[in-house]
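Here's the letter readout for the chains.
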Amino acid sequence: MMMNRSAMKLLSTAAVRTIHGGGGEFGNGFFALGARNLSSTVSAVRENSQTEATNHGGIGGGDKSVVSYWGMDPKKLTKDDGTEWKWSCFRPSEAYKPDMSIDLGKHHVPRVWTEKVAYWGVKILRFPTDLFFKRRFDMRAMMLETVAAVPGMVGGMLLHCKSLRRFEHSGGWIKALLEEAENERMHLMTFMEIAKPRWYERVLVFAVQGVFWNLYFGAYVISPKVAHRFVGYLEEEAIHSYSEFIKEIDSGNIPNIPAPAIAIDYWRMPPDSTLRDVVMVVRADEAHHRDVNHYASDIHYEGLELKGFPAPLDYH
């Protein structure tokens, strides 16, 4: 237990008095006085230390003390039916129902050479994924989401810094892109409940994410229009991949297990939902991200800025 400076000083003074008390009647009396002072000082130190531990959490003060002191007591949340909300990674207000009527077949035909670079760049990236994971769509989905969650974060971060430098609003695009990144991360958290990656697959994810982050960061700095177009094509591939995932479930090659609890709460799904239902809502999310990024790219290709066009918010 730690002592504050004043308490240490008192303790030292009492100890000195005790040591130099001398002999005889006077010395014995002085020794007793020193002992009483020492005892009182130790008690005061202990009481003071306990008070500090209670107020500040202290050493071994416990999480509850720390939270109470800083005024960060977590609120007790409940679902619509009154049952306890058990997730700390998102709140009930962040749960939503995807637009299942969204057009899955939309495609932007590449016209200029920069769009063709973006299109064929995505096609080339698909080849090693097909080679490595083959028909293991659960692991393919995990890998896809670790990559797909990067562009929104990078784009939102760069737009945030741009807004600060130029003292201007972003038109809501910072929030829209960060929402996209968070949504993709929730896809990953869901599939982590289903797929159990091996150690070398985790290493692969680590390496791919590191390389992709830096490449996309550079691409967005150089040409946001190409970066957004690339993500639009990446989402088109995601739609195709999840459609194949559903076919494998329907054919019986992949068990249609019950949906993870986190998916049921995040997408406000019925309690009896299955893996197929999860893949369908994830595919709908990817279609929305496809539209948002192709839209952003179109704005840039017209020579305009995103801040002049309100971002498509409130989907998630």
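This text follows the structure it describes.
Residues numbered from 1 in each chain as written. Predicted model: local features only at pLDDT ≥ 70, side-chain atom pairs only at ≥ 80, totals over all residues. Heavy atoms only, no water.

1. A short note on the pattern of salt bridges
- Within the structure shown, the criterion is met by 12 salt bridges.
- Of the charged contacts, one joins E237 and K123 as a salt bridge, the two residues approaching to 2.6 Å between their closest N and O atoms. Taken together, the residues E237 in helix 8 (residues 224-250) and K123 in helix 4 (residues 113-133) connect sequence positions 114 residues apart.
- Look at E237 and you get buried, because its relative accessible area is 13%.
- The exposure class of K123 is partly exposed, given its relative accessible area of 27%.
- For R290, the salt bridge is made with D291, and the minimal N-O distance between the two is 2.8 Å.
- Because the salt bridges share partners, they merge into one network encompassing R111, E115, R229 and D298. (Salt bridge = Lys/Arg side-chain N within 4 Å of Asp/Glu carboxyl O. Helix = DSSP H or I, 4+ residues; strand = E, 2+ residues; numbered from the N terminus. Buried < 20%, exposed > 50% of the residue type's maximum accessible area, 1.4 Å probe, protein only.)

2. Here's the deal with the layout of surface pockets
- Of the pockets and cavities examined, the largest pocket occupies roughly 910 Å³.
- In terms of lining, the largest pocket is formed by 36 residues, of which the most central are V122, L125, R126, T129 and L234.
- Counting residues per element, the ones that place at least two in the lining of the largest pocket are helix 4, helix 5 (137-166), helix 7 (199-222) and helix 8.
- For the lining of the largest pocket, a count of residues per class yields 24 nonpolar, five polar and seven charged.
- What the second largest pocket holds in volume is close to 320 Å³.
- Lining the second largest pocket are 17 residues, and of these L158, L159, K162, Y220 and P224 lie nearest its centre.
- Only helix 5 and helix 7 provide two or more residues apiece to the lining of the second largest pocket.
- The element best represented in the lining of the second largest pocket is helix 5, accounting for five residues. (1 Å grid on protein atoms, 1.4 Å probe; cavity = no way out; pocket = protein on both sides within 12 Å on 5 of 7 lines; lining within 4 Å. Points joined across faces, edges and corners; volume = space filled by probe spheres on them. Nonpolar A, V, L, I, M, F, W, Y, C, P; charged D, E, K, R; others polar.)

3. Some words on helix 5
- When the terminal C-alpha atoms of helix 5 are compared, their 44 Å separation across 30 residues agrees well with the 44 Å that a helix rising 1.5 Å per residue should span.
- Burial runs high along helix 5: 21 of the 30 residues are buried.
- Positive backbone phi, approximately 55°, marks F167, located one or two places after helix 5. (Expected span 1.5 Å × (residues − 1).)

4. As for the environment of L306
- Checked against the element boundaries, L306 lands in the segment after helix 10 (275-301).
- Judged by its relative accessible area of 4%, L306 is buried.
- In sequence terms L306 and Y295 are 11 residues apart; their C-alpha atoms lie 9.7 Å from each other.
- Residues contacting L306, with those up to four places away along its chain left out, are L159, S170, W173, Y220, H228, A296, I299 and H300. (Contact = heavy atoms within 4.5 Å.)

5. A closer look at the nonpolar core
- Membership of the largest hydrophobic core comes to 32 residues, with the highest contact counts inside it found for Y242, F245 and W267.
- Sorting the residues of this core by element identifies helix 5, helix 6 (173-191), helix 8, helix 9 (261-266) and helix 10 as the ones contributing at least two each.
- With seven residues, the top contributor of residues to this core is helix 10.
- Ignoring any residue separated from it by four or fewer positions in sequence, one finds F245 in contact with F137, D138, A141, F191, I254, L275 and V279.
- In this structure, L159, F230, Y233 and V292 belong to the second largest nonpolar core, which totals 25 residues. (Core = buried A, V, L, I, M, F, W, Y, C linked by side-chain atoms within 4.5 Å.)

6. A look at unusual backbone geometry
- One non-glycine residue, F167, lies in positive phi territory at about 55°.
- Although it is not a glycine, R268 sits at a positive phi angle of roughly 50°.
- By secondary structure assignment, the location of R268 is in the loop between helix 9 and helix 10.

7. So, the packing of aromatic side chains
- As enumerated under the stated definition, the model contains 14 aromatic pairs in all.
- Taking 5.2 Å as the distance between ring centres and 80° as the angle between the ring planes, the aromatic pair formed by Y119 and Y233 counts as edge-to-face. Here the residue Y119 occupies a position in helix 4, and Y233 occupies one in helix 8, the gap between them amounting to 114 residues. Comparing Y119 with Y233 shows no difference in burial state: the two are buried.
- Centre to centre, the rings of F212 and F230 are 6.2 Å apart; their planes meet at 35°, and the pair counts as tilted. Of this pair, F212 sits in helix 7 while F230 sits in helix 8, placing them 18 residues apart in sequence.
- F212 gets classed as buried once you look at its relative accessible area, which sits at 11%.
- Linked through ring pairs, W85, W87, F90, Y96, Y266 and W267 together constitute an aromatic cluster. (Phe/Tyr/Trp six-rings, centres within 6.5 Å; stacked < 30°, edge-to-face > 60°.)

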